[in-house]
Amino acid sequence: WLIKTAGSRASEWASVIADHYQEAEEVSMAAEWYRRAGEQAQATYAPDTAIQYFQKALDMVSGARELTSNTAALRLEIYPALGEMLRWRARYEQAIQVFQAMLSTASALEDRRKQAQAWLGLSHTQDSQGNYQAALMSAEQAERFAQAAGEFALPELAHALFRKGWAHYRLGNGEASLALGEQALA
């Protein structure tokens, strides 16, 4: 009823809807709506609330005994958002663990695009920690997986080139940074 009544504004009620699905023991629907609640909190710059909802959604789908395509797809939607929110809050070690879990799930599914996204999350987090050499190596991995994913992953490829360029800039190599920036633009 709430979803139908709220219509296009249902995301504003996502946490309430998720609670109702959880009470009804409809775990996958509850997890999906907790993910949406996390996105709503993220969009309104409430990172701690977003972390709470993303973690709740992840805990629900992680409770599944086997990795089905539905639970894996939902995990691969939650991981980058959760990792980003953890990075916003300077909880870097936790963010790295989340991106590593994403990488593991994406590897099990042989999803090259999601592997590239996981490496990008790692690179950004490592950069935030000031570990520029590790950020560069992760960006290189992201580039490799984005290239392997083909045309479907062109945004990830451009982002990987940007992250590589940024790492080179941080490491004092302006020429390499400029060249990678031009590649990313192209």
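Details of the structure are given in the entry above.
So, here is what we can say about the structure in this document.

Analysis parameters
Residues numbered from 1 in each chain as written. Predicted model: local features only at pLDDT ≥ 70, side-chain atom pairs only at ≥ 80, totals over all residues. Heavy atoms only, no water. Helix = DSSP H or I, 4+ residues; strand = E, 2+ residues; numbered from the N terminus. Expected span 1.5 Å × (residues − 1). Buried < 20%, exposed > 50% of the residue type's maximum accessible area, 1.4 Å probe, protein only. Polar contact = N/O pair within 3.5 Å; in protein donor to acceptor, adjacent residues only side chain to side chain. Contact = heavy atoms within 4.5 Å.

In this section: helix α3 (residues 27-43). Taking 1.5 Å of rise per residue, the 17 residues of α3 would be expected to cover 24 Å, and the 24 Å separating its terminal C-alpha atoms lies within 8% of that figure. For α3, every residue scored as buried is listed here: Ala30, Ala31, Glu32, Trp33, Tyr34, Arg35, Ala37, Gly38 and Ala41. Directly beyond the C-terminal end of α3, a positive phi value near 55 degrees is found at Tyr45.

A few words now on unusual backbone geometry. Its identity as a non-glycine residue notwithstanding, Glu25 has a phi of 60 degrees, on the positive side. Positionally, Glu25 belongs in the loop between α2 (14-23) and α3. Within the chain, Tyr45 stands out as a residue other than glycine whose phi angle is a positive 55 degrees. Topologically, Tyr45 is positioned in the loop between α3 and α4 (47-62). On the basis of relative accessibility, which here comes to 65%, the residue Tyr45 falls in the exposed class.

What follows concerns the side chain of Ser123. If you trace the backbone, Ser123 turns up in helix α7 (residues 112-129). For Ser123, a relative accessible area of 0% translates into the label buried. A polar side-chain atom of Ser123 sits 2.8 Å from the main-chain carbonyl oxygen of Ala135. In this view, Ser123 contacts Ala135, Ser138, Ala139 and Arg163; residues no more than four positions away in its chain are not counted.

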